[in-house]
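Residue-level structure breakdown
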Amino acid sequence: MVTGVVLVTGASGFIGVELVKQLEASGYRVIGATRNAYGSNTESAQLPAPDEPVEAFERILGNVDHVVHLAAIAHTQLVNATDTYHAVNCVLAAKLARAAHKTISGKFVFVSSIRAQCASVHEGVAVESDLPQPTDDYGRAKLAAEAEIALTMIRGNYTILRPVLVYGAGVKGNMAMLMKLAALPVPLPLKSLAGRRSLLDRASLCRAIIHSLNEPKTDRGTFIVSDRNPVTVPQILAAIRRRRGRNPGLFSCPPWILNIVAQMTSQGDRWKTLNGDLIASSAKLQSTGWNAVDNPARHIAELS
């Protein structure tokens, strides 16, 4: 087991909190780098802004062995959204990588996104050898950051991870909505939703990050990170309700009716995501020794 000092950007976020806990349990000393102060006993540092010089990033890497870069922006309502995504998700990552290449002796792990590779709905099984085709500003910025890191650290040591949608205690977004739906004491007309989605347990992602710090087979590689088997919305809802001692209570409704309701309630994009396929294979990362979760529906139910 390789240990040392790890600087984690985005340490106060949904993934960062779990990662810091796992790193410390594994014997690492952790420095949490964020833009704003956060309540934690972990040693902290101020993460420079994207427009600050590389030297500012070098200063926070003194005596640091490894870097895990989680910090990113996934949603913004700003008018200049394209520029914001590029600055936060690409420029900041590139400057941190340049600083790390000059200062650290260990690994730079960049947590990118499956959206650097494909859209939120995808035909077939996504694998790393596919030509990346991001379809939004977020995904394009993440892909640009990957390229910058690979170019900057051509003689260094890095790993790029592309996680799919991550779930865990306190998750927000579509997964939180499904948990709320499952809690309703009424039957739900969602049995006909057939879209299969690859998901990722937060704790499992953190284990993948620590695995990347330790495993030479991940050096200078790009890896999709996902649970082993995709799931459908009905499977998730049924698993949560069974966990609570209830019948699934799902019945079929013609998809076109649900689509109309979604459009009328301004939920068209969410409907497309929930009812579309996005199956991604983590076989490449598994081949290096990382173990994926087998049954995400059951896992989600245990967290609800």
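Residues numbered from 1 in each chain as written. Predicted model: local features only at pLDDT ≥ 70, side-chain atom pairs only at ≥ 80, totals over all residues. Heavy atoms only, no water.

As annotated in an unreviewed UniProt entry, the protein carries the name UDP-glucose 4-epimerase and comes from Phyllobacterium bourgognense.

**Comments concerning the packing of helix α1 (residues 14-25) against helix α6 (residues 202-214)**
Running from N to C, α1 and α6 point in directions that differ by 55°, and their axes come no closer than 9 Å. Judged on the interaxial angle alone, α6 and α1 are oblique. Judged by the twist between their axes, the crossing of α1 over α6 is right-handed. For the pair α1 and α6, the contacting residues are Phe 14, Ile 15, Glu 18, Leu 19, Gln 22 and Leu 23 in the first and Arg 202, Ala 203, Leu 205, Cys 206, Arg 207, Ile 209, Ile 210 and Leu 213 in the second. Tallied by class, residues from the contact of α1 with α6 come to ten nonpolar, one polar and three charged. (Axes fitted to C-alpha atoms, helices over the stretch in contact; angles between N-to-C directions. Helix = DSSP H or I, 4+ residues; strand = E, 2+ residues; numbered from the N terminus. Parallel < 35°, antiparallel > 145°, perpendicular 65-115°, else oblique. Left-handed = near helix turned anticlockwise from the far one by under 90°. Contact = heavy atoms within 4.5 Å. Nonpolar A, V, L, I, M, F, W, Y, C, P; charged D, E, K, R; others polar.)

**As for the state of the cysteines**
Enumeration according to the criterion identifies zero disulfides in this entry. Cys 90 forms no disulfide, and the closest cysteine sulfur to it belongs to Cys 118, at a distance of 19 Å. The class of Cys 90 is buried, set by a relative accessible area of 3%. (Disulfide = S-S within 2.5 Å. Buried < 20%, exposed > 50% of the residue type's maximum accessible area, 1.4 Å probe, protein only.)

**Description of the pattern of salt bridges**
Scanning the entire structure with this criterion turns up eight salt bridges. The partner of Arg 140 in a salt bridge is Asp 137, and the shortest N-O contact between them spans 3.2 Å. Placement of the pair is Arg 140 and Asp 137 together in helix α4 (residues 137-152), with a separation of three residues, close to one helical turn. Between Arg 228 and Asp 294 there is a salt bridge; the shortest N-O distance is 2.4 Å. (Salt bridge = Lys/Arg side-chain N within 4 Å of Asp/Glu carboxyl O.)

**Remarks on a nonpolar patch on the surface**
On the surface, a nonpolar cluster with roughly 540 Å² of combined accessible area is contributed by Trp 256, Ile 257, Ile 260, Val 261 and Met 264. Among the secondary structure elements, Val 261 is positioned in helix α8 (residues 255-264). Judged by relative accessible area, which is 43%, Val 261 ranks as partly exposed. (Patch = residues over 30% accessible without salt bridge, like charges linked within 9 Å, V, L, I, M, F, W, Y side chains within 5 Å. Areas by Shrake-Rupley, 256 points an atom, 1.4 Å probe, with all protein chains shown as cover.)

**Some points on the domain arrangement of the protein**
As far as domains go, the protein holds domain 1 (5-169 + 199-227 + 280-294) and domain 2 (173-194 + 232-275). Spacing between the C-alpha centres of domain 1 and domain 2 amounts to 31 Å. The partner domain 2 presents four residues to the four residues of domain 1 that form the contact. Between domain 1 and domain 2, roughly 350 Å² of surface is buried when both sides are summed, and carbon and sulfur atoms account for 81% of that area. Linking domain 1 with domain 2 are zero residue pairs in polar contact (both at pLDDT 80 or more). A per-class count over the side of domain 1 that touches domain 2 returns three nonpolar, one polar and no charged. (Domains from an automatic or database assignment. Buried area = accessible area lost by both parts, 1.4 Å probe. Polar contact = N/O pair within 3.5 Å; in protein donor to acceptor, adjacent residues only side chain to side chain.)

**A few points about the packing of aromatic side chains**
Considering all chains together, one arrives at one aromatic pair under this definition. Of note, Lys 284 hangs over the ring of Phe 223, and the distance from its end group to the ring centre comes to 4.9 Å. (Phe/Tyr/Trp six-rings, centres within 6.5 Å; stacked < 30°, edge-to-face > 60°. Lys NZ or Arg CZ within 6 Å of the ring centre and 35° of its normal.)

**A word on the nonpolar core**
Core analysis: the biggest nonpolar cluster contains 34 residues, and Val 8, Leu 19, Leu 23, Val 68, Leu 70, Ile 209 and Val 225 have the highest contact counts within it. When contributions to this core are tallied by element, the ones reaching two or more residues are β1 (5-9), α1, β5 (108-111), α6 and β10 (221-225). Looking at which element gives the most residues to this core, the answer is α6, with six residues. Not counting the four nearest positions on each side in its chain, Ile 209 is found in contact with Leu 19, Val 68, Leu 70, Val 109, Val 111 and Leu 161. Core analysis: the second largest hydrophobic core is formed by 28 residues, Leu 47, Phe 57, Leu 92 and Ala 97 among them. (Core = buried A, V, L, I, M, F, W, Y, C linked by side-chain atoms within 4.5 Å.)

**Some thoughts on unusual backbone geometry**
Here Asn 63, not a glycine, exhibits a phi torsion of approximately 65°, which is positive. Examined against the element boundaries, Asn 63 turns out to sit in the loop between α2 (54-59) and β4 (66-69). One non-glycine residue, Arg 220, adopts positive backbone phi at about 55°.

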